[in-house]
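Residue strings, one per chain:
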Amino acid sequence: VLFTASLFTFNVNAQQSDALLDKIEQSNQQLKNRKGNFNEVRQPVGKAEQKLDGELIYEAPATLTMNYSDPNEYFSINDNTMSMKREGKPKKFDLTKNKPMKTLSQLLLSSFNGKLRDLATAVGSSLNVEETKEAVIATLEAQKKSVKGYSKVILKYDPKTYHLLNMVMEEFDGSVTTYTWE
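Residues numbered from 1 in each chain as written. Predicted model: local features only at pLDDT ≥ 70, side-chain atom pairs only at ≥ 80, totals over all residues. Heavy atoms only, no water.

### Examining the pairing of strand E3 (residues 63–68)
- Relative to E3, strand E2 (residues 50–59) runs antiparallel, the two being bridged by six bridges. Residue Leu56 lies in a different strand from E3, and its bridge partner there is Met66.
- Connecting E2 to the antiparallel partner E3 that follows it, the hairpin turn spans three residues.
- Where E3 meets strand E4 (residues 74–78), five bridges bridge the pair, whose relative direction is antiparallel. Pairing of Thr63 across the sheet is with Asn78, part of E4.
- Remark: five residues form the turn of the hairpin made by E3 and E4, two consecutive strands paired antiparallel. (Pairing = 2+ DSSP bridges. Helix = DSSP H or I, 4+ residues; strand = E, 2+ residues; numbered from the N terminus.)

Below, the structure is given as structure tokens:
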């Protein structure tokens, strides 16, 4: 269970939704950097679940580094470049030329900087926001089906600080990756 919200969900109309999105954006625009631990759970279809952890470093507006405890794993976004090492294999991507990696970059950076309306437009998703006692939850759902990419992204924000706590990324093939930040 990722998080339970059904018993404590408040009805959020369009005006309340806009107010929550404004609070998320305003709070995160003031956040210049963030450093802390993270956990990642990868659940690929037909493969064993992978649990990873490490240290996250975010510097507004366009730098994100995830230093994994496992030296065979690394992830970094710096402006228009994404670098990663998965299972010991290093890769580098020019985000101006690689749409899937650009989408991943937009999802991660926009979730941290709170620009969820812009994110929904950029990735062609609907955006729904609800408030619970435990969190403000923003859900992006793809408007078009695809072979690759994310069908749904669920973002959980702290109801007091409006900073990102949790991200669940569901892919069209059924794979799920969950990130939790401290």
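### Considerations on the sheet that holds E4
- Taking strand neighbours across the sheet as the criterion, the 11 strands line up as E6-E5-E4-E3-E2-E1-E11-E10-E9-E8-E7 in an open arrangement whose pairing is antiparallel. The open sheet is flanked by strand E6 (89–94) and strand E7 (125–131), the only strands paired with a single partner. Sheet twist, expressed as the mean angle between neighbouring strand axes with direction ignored, is 15°.
- Bridge count between strand E1 (residues 33–43) and strand E11 (residues 176–181): six bridges; the pairing is antiparallel. (Axes fitted to C-alpha atoms, helices over the stretch in contact; angles between N-to-C directions.)

### Brief notes about the layout of surface pockets
- Quantified by volume, the largest pocket comes out at close to 1,500 Å³.
- Lining the largest pocket are 45 residues; nearest its centre among them are Met101, Leu104, Gly149, Tyr150 and Glu171.
- Looking at the lining of the largest pocket element by element, the count peaks at eight residues for helix H2 (residues 99–113).
- Counted by class, the lining of the largest pocket contains 18 nonpolar, 12 polar and 15 charged residues. (1 Å grid on protein atoms, 1.4 Å probe; cavity = no way out; pocket = protein on both sides within 12 Å on 5 of 7 lines; lining within 4 Å. Points joined across faces, edges and corners; volume = space filled by probe spheres on them. Nonpolar A, V, L, I, M, F, W, Y, C, P; charged D, E, K, R; others polar.)

### Things to note about the pattern of salt bridges
- One pass over the full model with this rule turns up nine salt bridges.
- Between Arg117 and Glu25 there is a salt bridge, and its shortest N-O distance comes to 3.8 Å. Residue Arg117 is found in helix H3 (residues 116–123), and its partner Glu25 is found in helix H1 (residues 14–29); the two are separated by 92 residues along the sequence.
- With relative accessibility at 25%, the residue Glu25 sits in the partly exposed group.
- Between Lys97 and Asp94 there is a salt bridge; the shortest N-O distance is 4.0 Å.
- Under the relative-accessibility criterion, Asp94 is labelled partly exposed at 33%. (Salt bridge = Lys/Arg side-chain N within 4 Å of Asp/Glu carboxyl O. Buried < 20%, exposed > 50% of the residue type's maximum accessible area, 1.4 Å probe, protein only.)

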